[in-house]
Amino acid sequence: MGQKMDFLKKLFGGGNTTGDNRSYYVYVRPKRCEEIVEVRIDLMNELSIRDDGDGYWVRKMARATRCPFPSEVVLYFDKRKTLVSSEVVDGELVEKAIYDAWTTEQ
């Protein structure tokens, strides 16, 4: 489990870059687009309890400004609101470092 969590932290840049306990960030590149979208999840207001009661989940749409293709992101959290898994439709998750490099180029 430790390696999986390390991978998820690397992929999502640790999730929380603002120092608050309320926000979680992921970075999504919609299909056939170069643009990368920063997606903020409000951990206090946007999470729904999973049907099994064993954690939370959230579904977000990521739409780039210069790309017509939206991506759907579904994130699953445990009871402590720690990310445990994710799914992306019509796009891919990228690491925060890649997002930072992309924004620097723009």
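Okay, so let's go over this structure. (Residues numbered from 1 in each chain as written. Predicted model: local features only at pLDDT ≥ 70, side-chain atom pairs only at ≥ 80, totals over all residues. Heavy atoms only, no water.)

### Observations regarding the pattern of salt bridges
Counted by the stated rule, this structure contains 10 salt bridges. Measuring nitrogen to oxygen at the nearest pair gives 2.9 Å for the salt bridge that ties E46 to K60. Within this pair, whereas E46 is found in the loop between β2 (37–42) and β3 (48–49), its partner K60 is found in strand β4 (residues 56–62), the two being separated by 14 residues in sequence. On the accessibility criterion, E46 (31% relative accessible area) is partly exposed. Look at the salt bridges and you will find they share partners, linking R50, D52, D54 and K79 into a network. (Salt bridge = Lys/Arg side-chain N within 4 Å of Asp/Glu carboxyl O. Helix = DSSP H or I, 4+ residues; strand = E, 2+ residues; numbered from the N terminus. Buried < 20%, exposed > 50% of the residue type's maximum accessible area, 1.4 Å probe, protein only.)

### Structural notes on the sheet that holds strand β6 (residues 83–89)
Strand pairing within a sheet occurs via backbone hydrogen bonds; the two strands may be parallel or antiparallel. Read across the open sheet, the four strands follow the order β3-β4-β5-β6; overall the sheet is antiparallel. Strands with a single pairing partner mark the edges of an open sheet, and in this sheet they are β3 and β6. Sheet analysis places β4 next to strand β5 (residues 71–77), joined by seven bridges and oriented antiparallel. Note on β5: the bridge partner recorded for M61 is E72. (Pairing = 2+ DSSP bridges.)

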